[in-house]
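Notes for the structure review
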Amino acid sequence: MSFFKRLRESISSKAEAVTNKFKEGLAKTRSAFIDRMDDLFRRRKKIDEEFYEELEEIMIGADVGVNTVMELIDGLRAEVKKRRIEDPQELQPILSERLIELLRGDEKVGLRYADSGLTVILFVGVNGVGKTTTIGKLAHQMKSEGKKVLLAAGDTFRAGAIEQLEMWGQRVGVDVIKQSAGSDPAAVMYDAIQAAKSRGVDVLLCDTAGRLQNKVNLMEELHKIYRVIRREIPDAPHEALLVLDATMGQNALQQAKLFGDKTGLTGLVLTKLDGTAKGGIVVAIRQELDLPVKFVGLGEKMDDLQPFDSEQFVNALFTKWASAEAEKA
Ligand SMILES: Nc1nc2c(ncn2[C@@H]2O[C@H](COP(=O)(O)OP(=O)(O)OP(=O)(O)O)[C@@H](O)[C@H]2O)c(=O)[nH]1
């Protein structure tokens, strides 16, 4: 077999593995959201108010977000009128196409790395959303890509946060820069940047505290962290990612709004998508926040953090519809 053929095959089997990961991770959303819609389109014989109401209910139940749902339904009504559609099943591909369009803006953006030298990535988000796990998974991925990675234990506030990051460091085989609990996180960042520079590190992944109950302090702390980082590396942090827990649904959206743009966020990580039937939250987040989803968490294993790819996401959700369409054709 030629080198190029082998390369092509290995690339396509890798793509298939990622699609399968998305499919597995989105199984709950599929059965609660897509399968219910599927059932509605088959069961209802005509497009009337009851049909629209039920469709609305399913989408809102999957956390697509009220505004987005209203827009989608209005769009469908207009299409029904224009094309004189009578059979609900004819609406199915139109709706799936519209959902795809809503998500499509988020084309693979990937992470922004420094043009040369050290890349600094900051992680923010409230406790328990999976920040530490995300940092660990990403450190693992970057290390396996051959990058030299260092972690900064900037959550000096929550008991156990430093140890938890250290555990991930050991698991993945990367060092952690820390100070004692209660110390100034900006000082930890300073130390970490110095260490990263002197050790020739490629990427520094920084954990931060997430105590939203004291928002003013949290914002001040984050600003100080930014100041210290910028003083050392003017175009850093290269990414500031807000980590959100998908199982919190609309509350995750509220959290993102609380952090707002004051914290100079550059993107989002949506964890625990595998643990929710309300994966429609991705659509709501896409519509309501002006931030790209950079990664999604599809499970607890090391390789369950995947770069968000709208195409893969939509394919994983709509595979059944797509194949049903193909069968019909
Ligand atoms: N199923 C699933 N579980 C996840 C995912 N990401 C994180 N978790 C789990 O969520 C729990 C909380 O994650 P942690 O990283 O420990 O979060 P934390 O340390 O409590 O809080 P922060 O680090 O402050 O965000 C852990 O049990 C993780 O294994 C995911 O994508 N899918």
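Conventions adopted
- Residues numbered from 1 in each chain as written.
- Predicted model: local features only at pLDDT ≥ 70, side-chain atom pairs only at ≥ 80, totals over all residues.
- Helix = DSSP H or I, 4+ residues; strand = E, 2+ residues; numbered from the N terminus.
- Contact = placed C-beta atoms within 7 Å.
- Near = placed C-beta within 6 Å.
- Nonpolar A, V, L, I, M, F, W, Y, C, P; charged D, E, K, R; others polar.
- Buried ≥ 20, exposed ≤ 12 C-beta atoms within 10 Å, placed from the backbone.
- Axes fitted to C-alpha atoms, helices over the stretch in contact; angles between N-to-C directions.
- Parallel < 35°, antiparallel > 145°, perpendicular 65-115°, else oblique.
- Left-handed = near helix turned anticlockwise from the far one by under 90°.
- Core = buried A, V, L, I, M, F, W, Y, C linked by C-beta atoms within 7 Å.
- Domains from an automatic or database assignment.
- Pairing = 2+ DSSP bridges.
- Expected span 1.5 Å × (residues − 1).
- Arc of directions from axis to C-beta.

Re the overall build of the protein
- Looking only at helices and strands, one finds 12 helices and eight strands in the protein.
- Nonlocal contacts in the protein, meaning residues at least 24 apart in sequence, comprise 76% of its contacts between residues at least 6 apart.

Here we look at the site of the ligand
- Near the ligand lie 19 residues; those nearest to it are Gly130, Lys131, Thr132, Thr133 and Gly297.
- Considering every element that reaches the shell around the ligand, the biggest residue donor is helix α6 (residues 131-144), with three residues.
- Per-class residue counts for the shell around the ligand are two nonpolar, 12 polar and five charged.

Observations concerning unusual backbone geometry
- Of the consecutive residues Ala236 and Pro237, the connecting peptide bond is found in the cis state with omega at -5 degrees.
- Relative to the helices and strands, Pro237 is located in the loop between α9 (215-232) and β5 (239-245).
- Positioned with a positive phi, Asp63 is a non-glycine residue whose angle comes to about 65 degrees.
- The class for Asp63 is buried, based on 28 C-beta atoms found within 10 Å.
- For Lys272, which is not glycine, the phi torsion reads 60 degrees and is therefore positive.
- Among the structural elements, Lys272 can be located in the loop between β6 (267-271) and α11 (281-288).

A closer look at the packing of helix α4 (residues 66-83) against helix α5 (residues 88-104)
- Taken N-terminus to C-terminus, the directions of α4 and α5 make an angle of 140 degrees; their axes are 11 Å apart at the nearest point. Put simply, α4 runs oblique to α5. In the packing of α4 onto α5, the handedness of the crossing is right-handed. Across the interface between the two elements, Thr68, Leu72, Gly75, Leu76 and Glu79 from α4 touch Leu91, Ile94, Leu95, Arg98 and Leu102 from α5.
- Here the contact of α4 with α5 is composed, by residue class, of six nonpolar, two polar and two charged.

What to know about the nonpolar core
- By size, the foremost hydrophobic cluster in this structure holds 88 residues, and its most contacted members are Ala139, Leu151, Ala192, Leu204, Leu205, Cys206 and Leu270.
- For this core, the domains that each give at least three residues are domain 1 (15-106 + 314-328) and domain 2 (119-310).
- Not counting residues up to four positions away in its chain, the partners in contact with Leu204 are Leu118, Val120, Leu150, Ala152, Ala192, Ile193 and Ala196.

Remarks on the pairing of strand β4 (residues 203-208)
- For β4, the tally of buried residues reaches six of six residues, placing the bulk of the element in the interior.
- Of the two faces of β4, the one carrying Val203, Leu205 and Asp207 and the one carrying Leu204, Cys206 and Thr208 are both buried.
- Summarising the sheet, strand β1 (residues 119-124) and β4 pair through four bridges and their orientation is parallel. Paired with Leu122 across the two strands is Cys206, which belongs to β4.

Some details on the packing of α6 against helix α7 (residues 161-172)
- Viewed as axis vectors pointing N to C, α6 and α7 meet at an angle of 20 degrees, and their least axial separation amounts to 10 Å. If you check the angle between α6 and α7, you find them roughly parallel. Note on packing geometry: the crossing formed by α6 with α7 is right-handed. Contact with α6, carried on its side by Thr132, Ile135, Gly136, Ala139, His140 and Lys143, involves Gln164, Leu165, Trp168, Arg171 and Val172 of α7 and no other residues of that element.
- A class-by-class count of the residues in the contact of α6 with α7 yields five nonpolar, four polar and two charged.

Some thoughts on α7
- Between its terminal C-alpha atoms α7 stretches 17 Å, which fits the 16 Å expected from 12 residues at 1.5 Å a residue.
- Of all the residues in α7, the buried ones are Ala161, Ile162, Leu165, Trp168, Gly169 and Val172. Along the long axis of α7, the arc covered by the buried residues comes to 125 degrees, so they all point the same way. Turned more than 90 degrees away from the buried face of α7, the exposed residues are Glu163, Gln170 and Arg171.
- Contact partners of the buried residues in α7: α6, β2 (149-154), β3 (175-177) and β4.

What to know about the domain arrangement of the protein
- Its domain assignment divides the protein into domain 1 (15-106 + 314-328) and domain 2 (119-310).
- Each of domain 1 and domain 2 was reduced to a C-alpha centroid, and the two centroids are 33 Å apart.
- Contacts between the two partners involve 22 residues from domain 1, matched on the other side by 23 residues from domain 2.
- Split by residue class, the side of domain 1 that touches domain 2 holds 12 nonpolar, five polar and five charged.

Here we look at the sheet that holds β1
- The eight strands are arranged β3-β2-β4-β1-β5-β6-β7-β8 in an open sheet whose pairing can be described as mixed. The open sheet has two free edges, formed respectively by β3 and β8 (305-307), since each of these has just one partner strand. With direction set aside, neighbouring strand axes in the sheet form an average angle of 25 degrees.
- Inspection of the sheet shows strand β7 (residues 293-297) paired to β8 by three bridges, in the antiparallel sense. Bridging across to β8, Phe295 finds its partner in Pro307.
- Contacts from α6 reach β1, β2, β4, β5, β6, β7 and β8 within the one sheet, and its direction differs from that of β4 by about 175 degrees.

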